[in-house]
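Each chain, written out:
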Amino acid sequence: DGPWAEIGRLDKAAAGRSVLVRAWAQAVYRGSKTKNVAFIELRRGMSTVQCVLAGSAQMMLFALSLPKESIVVVEGAVALLDNPLRYTTVREVEIQVRKLYCISRAAPKLPISVEDAGRSAEEFAKAEAKGVPLPCVGQDTRLDYRVIDLRTAAGQAVFRVQHQVENKFREYLSSKDFISIHTPKLISGSSEGGAAVFKLEYKNGKCACLAQSPQLHKQMAICGGFCRVFEVGSVFRAEDSNTHRHLCEFVGLDAEMEIMRHYFEVCDIVDGLFVELFRHLNENCKTELEAINRQYPFEPVKYLESTLRLSYEEGIQMLKEAGTEIEPMADLNTEAEKKLGQLVREKYDTDFFILYRYPLAARPFYTMPCYDNPAYSNSFDVFLRGEEIISGAQRIHEPELLAKRAAEHGIDKSSIKWYIESFRYGTPPHGGFGAGLERVVMLFCGLNNIRKASCFPRDPQRLSP
Ligand code: ATP
Ligand code: AMO
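Sequence order sets the numbering: in each chain, residues are counted from 1 along the sequence as written. Chains carry letters from A onward and ligands carry numbers from 1 onward, assigned in written order. Totals for whole chains, interfaces and linings use all residues, but because this is a predicted model, local features are given only for residues with pLDDT of at least 70 and pairs of side-chain atoms are given and counted only at 80 or more. Heavy atoms from the whole structure form the basis of all side-chain values; hydrogens and water molecules are not counted.

### What about the layout of surface pockets?
To keep things clear, this is the line we draw: Using a 1 Å grid laid over the protein atoms alone, points where a 1.4 Å probe fits but cannot get out form a cavity; open sets with protein on both sides within 12 Å along at least 5 of 7 lines form a pocket; any residue with an atom within 4 Å of a point counts as lining. Grid points are joined across faces, edges and corners, and a volume is the space filled by probe spheres set on the points. Secondary structure elements are defined from DSSP: runs of H or I of at least 4 residues count as helices, runs of E of at least 2 residues count as strands, and each element is numbered from the N terminus. For this scheme, ten residues count as nonpolar: Ala, Val, Leu, Ile, Met, Phe, Trp, Tyr, Cys and Pro. Four count as charged, namely Asp, Glu, Lys and Arg, and the remainder, Gly too, count as polar.
Size it by volume and the largest pocket reaches roughly 1400 Å³. In terms of lining, the largest pocket is formed by 39 residues, of which the most central are Gln26, Thr48, Tyr87, Gly118 and Ala153. Contributions of two or more residues to the lining of the largest pocket are made by β1 (18-30), β2 (37-44), β3 (47-54), α2 (114-117), α6 (153-175) and α9 (286-295). Looking at the lining of the largest pocket element by element, the count peaks at 6 residues for α9. Residues belonging to the lining of the largest pocket are distributed by class as follows: 12 nonpolar, 13 polar and 14 charged. Along the walls of the second largest pocket sit 44 residues, with Glu192, Arg237, Pro364, Glu388 and Ser391 positioned nearest its centre. Put simply, the parts of the chain that give the lining of the second largest pocket at least two residues each are α7 (215-223), β11 (249-258), β15 (387-394), β16 (430-436) and α14 (437-444). Examining the composition of the lining of the second largest pocket, we find that 6 residues originate from one element, β15, more than from any other. Residue composition of the lining of the second largest pocket, grouped by class: 17 nonpolar, 13 polar and 14 charged.

Here's what the structure looks like:
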């Protein structure tokens, strides 16, 4: 609408039209064959177009003086090209510039270049083989200058995929009669137990914790008479995990629901949601997935139309048969999870599966023990490419048992009294799950580090930008 044209929509059909475009000038150079011509490559989002300046020597000099990444406005005519371009996403047309304005001049020397930040491993390898190695931009440097790093095609693509994941989560659960809620992030006790909690000074001498999950309040929403709720919100973990998959702040995709007969009803929701999500991403994010694949090559996720469900005991058995040393009643370590992912892929041809009936000892205090064997629990984790993306379970809705389990986990009962009390006034059996948005995106896109799937990641070392 209006006079502005979107670069991404310029195609053959636009030839002859007069357009006005505002964009980042990612490259400006003099023509190599014809010296009285200059070119500007404009970028907006994931789209790039070539602009050609000819005729006015003054305008050419002005263009050539522009630092890379300056914001310019170009007015010109769309012209058909005889040979499609190789370096821009708009390939069949260019803009012949009549007027050029600089709206925001970038610094003459940028700390990292978008071009270098956007190179693929293949490009680096080729240059290395030719004996002219390219400047490599390390992960830390990228994150220091994240606003430049995010401008690469893959950088743009990852967060467009993330947007689709978040939207699909809301849309799918809304269609299943879940309603969106917002729970407090400042709470008086730890929501998951353990030491991984940020504590801070609250008002009137009180101490507050940053919520490690919406766990307690999403259950209390069920106590409050809502049968199905979900939340998309920030989650804080003070864990000292300097790994490729842990952040100190991430976005939780959480759901909680009444259970009628069996906690597999929660697995059914996870199954329907993720199968629909994978289909949606593959169909609607083709350009984005290609851009990510160009810089960080990956295989598409393999999944089944009806998600594979394996019991924890079956999983342990598979690992044992493959010769992995394993403690049958403890949580799986990272290595065992990876190995199981690999074995499941070989046997069932899927990268996505649910592992249910975990040992109770490996789960948080609020998890419902199995009725037939309380050494196990009505719980599950969900794996994508051999890494956990979701945890879920039926919860204890009986206050005495809940208080007992909290005490066994060393949790000070007084700090979560309000939570345990909520179950005294009539609560249906219920369960739910929590997924990490950044993990879902990281693993769907086959990225090697969760920081690539967080716009401005927070980890034990990084609190800025
Ligand atoms: P996840 O959701 O991935 O299970 P979590 O927050 O529940 O993470 P844990 O269950 O405590 O964390 O740990 C899961 C796995 O992550 C462990 O098996 C461990 O191997 C790995 N891990 C945790 N912290 C570190 C660390 N600092 N360095 C290396 N690996 C770690
Ligand atoms: P859990 O602690 O397993 O379960 O977390 C749920 C999901 O959140 C993601 N996740 C993380 N992502 C990035 N950085 C981290 N440090 C991190 N820790 C966890 C993972 C994980 O599967 N209350 C339960 C959920 C429930 O039962 O409803 C919970 O928080 O994708």
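Here the narrative resumes.
### Brief notes about the packing of aromatic side chains
Rules: Here the aromatic set is Phe, Tyr and Trp, taking the six-membered ring for Trp, and pairing holds for ring centres within 6.5 Å; pairs whose planes are under 30 degrees apart are stacked, those over 60 apart are edge-to-face, and all others are tilted. Think of it as a cone above the ring: NZ of Lys or CZ of Arg counts as a charge over the ring if it is within 6 Å of the ring centre and within 35 degrees of the ring normal.
A full pass over the atoms with the stated rule returns 15 aromatic pairs. The structure contains a cluster of three or more aromatic residues connected by ring pairs, namely Phe274, Phe278, Tyr303, Phe352 and Phe444. Of note, Arg309 hangs over the ring of Phe264, and the distance from its end group to the ring centre comes to 5.2 Å. Note that Arg363 overlies the ring of Tyr358, its terminal NZ or CZ placed 4.5 Å from the centroid.

### Quick word on the site of ligand 1
The criterion, for reference: Put simply, a residue is near a molecule or strand once any heavy atom of it comes within 4 Å of that molecule or strand. Within 3.5 Å is the distance limit for a polar contact, defined as a pair of N or O atoms, with the added protein rule that one can donate a hydrogen and the other accept it, and that residues adjacent in sequence qualify only through two side-chain atoms.
Taken together, 13 residues sit near ligand 1, with Ser241, Arg245, Thr334, Glu388 and Arg439 positioned nearest. Between ligand 1 and Thr334 there is a distance of 2.7 Å, counted from an oxygen atom to a side-chain nitrogen or oxygen. Contact distances for ligand 1 include 2.8 Å between an oxygen atom and a side-chain N or O atom of Arg439.

### Regarding the environment of Lys176
Selection rule: Whether two residues are in contact is decided by their heavy atoms: any pair within 4.5 Å suffices.
Tracing the sequence through the fold places Lys176 in the loop between α6 and β6 (179-180). In this structure the C-alpha to C-alpha distance between Lys176 and Leu273, which are 97 residues apart in sequence, comes to 9.9 Å. When sequence neighbours within four positions are dropped, the list of residues in contact with Lys176 reads Arg228 and Ile269.

### Things to note about empty space enclosed by the protein
Scanning the model with the defined rule gives 1 cavity of 30 Å³ or more in all. Of the volumes computed, that of the largest cavity is approximately 130 Å³. Lining the largest cavity are 16 residues, and of these Arg146, Asp149, Gly155, Tyr296 and Lys452 lie nearest its centre. Taken together, the elements giving at least two residues each to the lining of the largest cavity come down to α4 (139-144), α5 (146-149) and α6. Looking at the lining of the largest cavity element by element, the count peaks at 4 residues for α6.

### Some remarks on the side chain of Thr183
Checked against the element boundaries, Thr183 lands in the loop between β6 and β7 (186-187). A polar contact is formed between the side chain of Thr183 and the side chain of Lys185, at a distance of 3.1 Å. Within polar-contact distance, the side chain of Thr183 engages the side chain of Glu231 at 2.7 Å.

### Points about the side chain of Ser415
For clarity, the cut-off: Buried means the residue's accessible area, taken with a 1.4 Å probe over protein chains only, is under 20% of the maximum for its type, while exposed means over 50%, and partly exposed covers the values in between.
Checked against the element boundaries, Ser415 lands in the loop between α12 (399-408) and α13 (417-421). Taking the relative accessible area as the measure of exposure, Ser415 reaches 17% and is therefore buried. A polar contact is formed between the side chain of Ser415 and the backbone oxygen of Asp412, at a distance of 2.7 Å. In this view, Ser415 contacts Ser188 and Gly189; residues no more than four positions away in its chain are not counted.

### Observations concerning the nonpolar core
Where we set the bar: Put simply, a nonpolar core is a bunch of buried Ala, Val, Leu, Ile, Met, Phe, Trp, Tyr and Cys residues held in one set by side-chain atoms that sit within 4.5 Å of each other.
Grouped together as the largest cluster of nonpolar side chains are 56 residues, with contacts concentrated most on Val165, Phe274, Phe380, Ile389, Ile390 and Phe433. With sequence-adjacent residues up to four places away left out, Ile390 is seen in contact with Val270, Phe274, Phe380, Asp381, Val382, Phe433, Gly434 and Ala435. One finds Ala23, Ala38, Leu66 and Val90 within the second-largest nonpolar core, a separate group that totals 27 residues.

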